[in-house]
Each structure stands twice: as C-alpha cells, then as structure tokens.
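Breakdown of the fold
Residues per chain, in single letters:
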Amino acid sequence: MLNILLFGPPGAGKGTQSEKLIARYNLVHLSTGDIFRANIKGATELGILAKSYMDKGQLVPDEVTIRMLESEVNKNPNAKGFIFDGFPRTQAQAEALDNLLKSKSVSITLMLALEVEEEELRKRLLLRGKDSGRPDDQNPDVIQKRIDVYNNETSPVKHFYTSQGKYKGINGIGEIEEIFNLLCVEIDSAK
Ligand code: AMP
C-alpha cells in the first residue's frame, strides 16, 4: 500500500498536487479541509462545529478531526493507498494515524513537504480567495492566523516523520508540472 502524506503550510499547493497524484498513482484522496467544507455545505452537525473554528483560522479539535479521518479511511477498505492532504496537523493526529494504520498492518510510506516562504503564501491565498469563495482565504488576519498555527502546531509534526526516516522536503515554488515531477521522483524511489 502506498500511503503519502502531503504536508505544507496553507497555500503551498497541496490540493493542486493531490489531484495530480491521485490520478497518477490511483490513490484515494483524503483532504480533511475538503471534508469539513462538504459538511459545512450540507449543514451537518460536524460542519457547523468545524465552521466555528475554520472561520477564525483555528484548528478543529483533534478528537473531532481524528474520529472523522478514521471513519473516512474505514470507508475505503479496498484502497490501493491514500493521499492524506492537510492531515495530520498536530502530534496527536500523527500518533492517531500511525495507530490506525498499524491496526490495519500498513504504514505511512512517505511525508512530502511542500516548502514555500510566507510572503508567497500570503499572496497565493489572497489570490485564491478571489475565486474560491473560501471565507478563510479572504481575510488577511485569518490567513496570518492559519500561517501562525501552521508554524506553531503543525510544522513540528515533521520531526515525528523525520525520526522515522520518512520526511522529504520539496521546493514548492515553480511550475505546477515541475513540482509534480519532483514529487513523483520521490514516490517512485520510495515504492
Ligand atoms: P485546508 O483546506 O487544509 O486549508 O483546511 C482549512 C481549515 O480546516 C483549517 O484552517 C482548519 O480550520 C480545518 N482543518 C483542516 N484539516 C484539519 C486538521 N487536520 N486538523 C484540524 N483542523 C483542520
């Protein structure tokens, strides 16, 4: 099983690259942000709860996020593998994911981290906000909060995978196709 973590700050290009990777490797795409947004659209209980955090640029609590992610993984028993996009974002989420995969006798193959500097992220997110309709991409304070949350709570998750020898940093600035090729090289050599 090929299980890829696509990691990086908001605006690094995780969603764009995930779309291309699932097509190339025939994987199931699990984006916690997308799942929360679908729940907001459907006005589910989970969506209403998630929105109260997302609108402020804060993380949805671990307990809720982990339960949701586990149920999504369990919905795909025949998957050839997964791309986890936007998960894990905390140490507790990383540990929960490891335990879940261990219970299925599989593991994370590789963490691919898209590296983009902050100034570029702020620009990209504001630009995306013009088309995406995402409220959290339209407010500079919320964008900054998300970058701060990434630096303080999410970035340290790298160490968890570095210590397992699974971390790979990738330059996330350049042409989409060029970055995609860098990701594929890493995946092909880890398979
Ligand atoms: P994203 O689409 O990955 O940029 O996520 C948008 C928002 O959804 C984040 O700012 C968080 O509020 C929430 N979110 C997405 N994934 C997670 C996660 N793994 N843990 C907690 N909150 C999350």
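The structure contained in this document is the topic of the report that follows. Quick caveat, the model's predicted, so the values are computed rather than measured.

Counting residues in each nonpolar core, the largest one holds 29 residues, and the members touching the most others are Phe84, Leu97 and Tyr161. Those elements giving two or more residues to this core turn out to be strand E1 (2–7), helix H2 (32–41), helix H3 (45–54), helix H4 (62–74), strand E3 (81–85), helix H5 (91–103), strand E4 (110–115) and helix H8 (157–162). Sequence-distant contacts of Tyr161, that is, excluding residues within four places in its chain, are made with Leu5, Pro88, Ala94, Leu97, Ile108, Met111, Lys166 and Tyr167. Membership of the second largest hydrophobic core comes to 23 residues, among which are Ile83, Leu110, Leu121 and Leu183.

All right, on to the pattern of salt bridges then. By the definition in use, this model includes 14 salt bridges. Among the ionic pairs, Lys51 bridges to Asp55, the shortest N-O distance being 2.7 Å. By relative accessible area, which is 34% here, Lys51 ends up partly exposed.

This paragraph deals with the environment of His29. For His29, the location among the structural elements is in strand E2 (residues 28–31). When sequence neighbours within four positions are dropped, the list of residues in contact with His29 reads Ser18, Glu19, Ile22, Asp34, Ile83 and Asp85. In this structure the side chain of His29 is engaged in a polar contact, spanning 3.5 Å, whose partner is the side chain of Ser18.

Where burial is concerned, most of E1 is hidden: six out of the six residues are buried. Both faces of E1 are covered, namely the face carrying Leu2, Ile4 and Leu6 and the face carrying Asn3, Leu5 and Phe7. Summarising the sheet, E1 and E4 pair through four bridges and their orientation is parallel. Bridging from a neighbouring strand, Phe7 pairs with Ala113 of E4.

To continue, consider the sheet that holds E2. Reading across from one edge, E2-E3-E1-E4-E5 is the order of the five strands in this open sheet, with parallel pairing throughout. Looking at strand neighbours, the two that pair on one side only are E2 and strand E5 (167–171), the edges of this open sheet. Here the average twist between neighbouring strands, direction ignored, is 20°. Sitting on the sheet, helix H9 (residues 176–190) is in contact with E1, E4 and E5, with an inclination near 160° to E4.

Residue position: Val28 is located in strand E2. For the pair Val28 and Asn181, spaced 153 residues apart in sequence, the C-alpha to C-alpha distance is 19 Å. In this structure Val28 touches Ile22, Asn76, Ala79, Gly81, Phe82 and Ile83, once residues within four positions along its chain are discounted.

Conventions adopted
Residues numbered from 1 in each chain as written. Predicted model: local features only at pLDDT ≥ 70, side-chain atom pairs only at ≥ 80, totals over all residues. Heavy atoms only, no water. Core = buried A, V, L, I, M, F, W, Y, C linked by side-chain atoms within 4.5 Å. Buried < 20%, exposed > 50% of the residue type's maximum accessible area, 1.4 Å probe, protein only. Helix = DSSP H or I, 4+ residues; strand = E, 2+ residues; numbered from the N terminus. Contact = heavy atoms within 4.5 Å. Salt bridge = Lys/Arg side-chain N within 4 Å of Asp/Glu carboxyl O. Polar contact = N/O pair within 3.5 Å; in protein donor to acceptor, adjacent residues only side chain to side chain. Pairing = 2+ DSSP bridges. Axes fitted to C-alpha atoms, helices over the stretch in contact; angles between N-to-C directions.

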